[in-house]
Amino acid sequence: SVSAVKFFCTKEGKKLNFATARLKLILRGIKNSGPIQRPAPVVSYDQLVAMVRSSRKVLGKSKGNRFAAMITCAFFGFLRPSEYCITSSGHELKSGDIDITDSQITLTLTTFKHSKGPAMVRIHRVAGPACPVYRVSKYLKVRCKTVNTFFHVSYKTFCDEFARVAVVAGLQDNVTPHALRRGGATWASLQGWSDSRIRAHGRWSSGAFKKYIVLR
């Protein structure tokens, strides 16, 4: 800040003419530059695969199957954490909100952030170990049938699991579950999806979706 520069100069016994236009311009630039912003963390497709492969090792069979289903749905469905974890918002998926076939999963989001009515999210089968259709099919074999919520895990618990699996999978230490939504949008852009398709699939109400596409 200007005050800090003045203090330093006084301490060092130096005199500066703060009235000069050039110095004012430099100091204004320092003031307006603000802190250096770190790039928003994003989970890439390869990192998603690494997390899927690490999930059972870290969490065990039952929780690992549930976790792998959650992160693949979140990635390919561009889901917000509140849409698949139990939170105070009440937006989480219920047991009757998911329909699965051999080729796709259809999620019915009855409420969500900025919602003006239910939205249907179709997630198609993809090749490889991170296929959401395959992962949800495996989870259904171990899922408790007596609970109303589909994944039945709190956001706090999921964040803890996410951090533990991320470490084993080799992800950066500041990654959070929301990075799955960014990762999915970025993956879709790399696959050639149009902006309108990405925005509709992620249920964005504005052009804010562009901030979620992190192309490095």
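As a reminder, the structure under discussion sits directly above these lines.
Residues numbered from 1 in each chain as written. Predicted model: local features only at pLDDT ≥ 70, side-chain atom pairs only at ≥ 80, totals over all residues. Heavy atoms only, no water.

*Asks:* I keep staring at the environment of L190 and nothing clicks. Help me out?
*Replies:* By the element assignment, L190 lies in helix 7 (residues 178–190). Counting along the chain gives 23 residues from L190 to I213, while the straight-line C-alpha distance between them is 9.3 Å. (Helix = DSSP H or I, 4+ residues; strand = E, 2+ residues; numbered from the N terminus.)

*Asks:* What is the right way to read the environment of K57 from this model?
*Replies:* Following the sequence through the fold, K57 ends up in helix 3 (residues 45–59). With 108 residues separating them along the chain, K57 and V165 place their C-alpha atoms 8.7 Å apart.

*Asks:* Looking at this structure, how should I read the pattern of salt bridges?
*Replies:* Two side chains carrying opposite charge are able to pair once their charged atoms lie near each other. Counted by the stated rule, this structure contains four salt bridges. A salt bridge links E161 to R66; the shortest N-O distance between them is 2.6 Å. Of this pair, E161 sits in helix 6 (residues 155–169) while R66 sits in helix 4 (residues 61–76), and the two are 95 residues apart along the sequence. Each member of the pair, E161 as well as R66, is classed as buried. In this structure, the salt-bridge partner of E83 is R203, at a minimum N-O distance of 2.8 Å. Here the residue E83 occupies a position in the loop between helix 4 and strand 1 (98–100), and R203 occupies one in the segment after helix 8 (195–202), the gap between them amounting to 120 residues. As far as the burial class goes, E83 and R203 line up, both buried. (Salt bridge = Lys/Arg side-chain N within 4 Å of Asp/Glu carboxyl O. Buried < 20%, exposed > 50% of the residue type's maximum accessible area, 1.4 Å probe, protein only.)

*Asks:* Before we go on, may I ask you to explain unusual backbone geometry in this structure?
*Replies:* Negative phi values dominate among residues other than glycine, just as trans dominates among peptide bonds. Phi is positive for F78, close to 50°, though the residue is something other than glycine. Inspection of the secondary structure puts F78 in the loop between helix 4 and strand 1. By relative accessible area, which is 0% here, F78 ends up buried.

*Asks:* Help me out: how do you make sense of the state of the cysteines in this one?
*Replies:* Two cysteines form a disulfide when their sulfur atoms are joined by a covalent bond. For the structure on display, the rule yields zero disulfides. Residue C73 stays outside any disulfide, its sulfur separated by 9.8 Å from that of C131, the closest cysteine. (Disulfide = S-S within 2.5 Å.)

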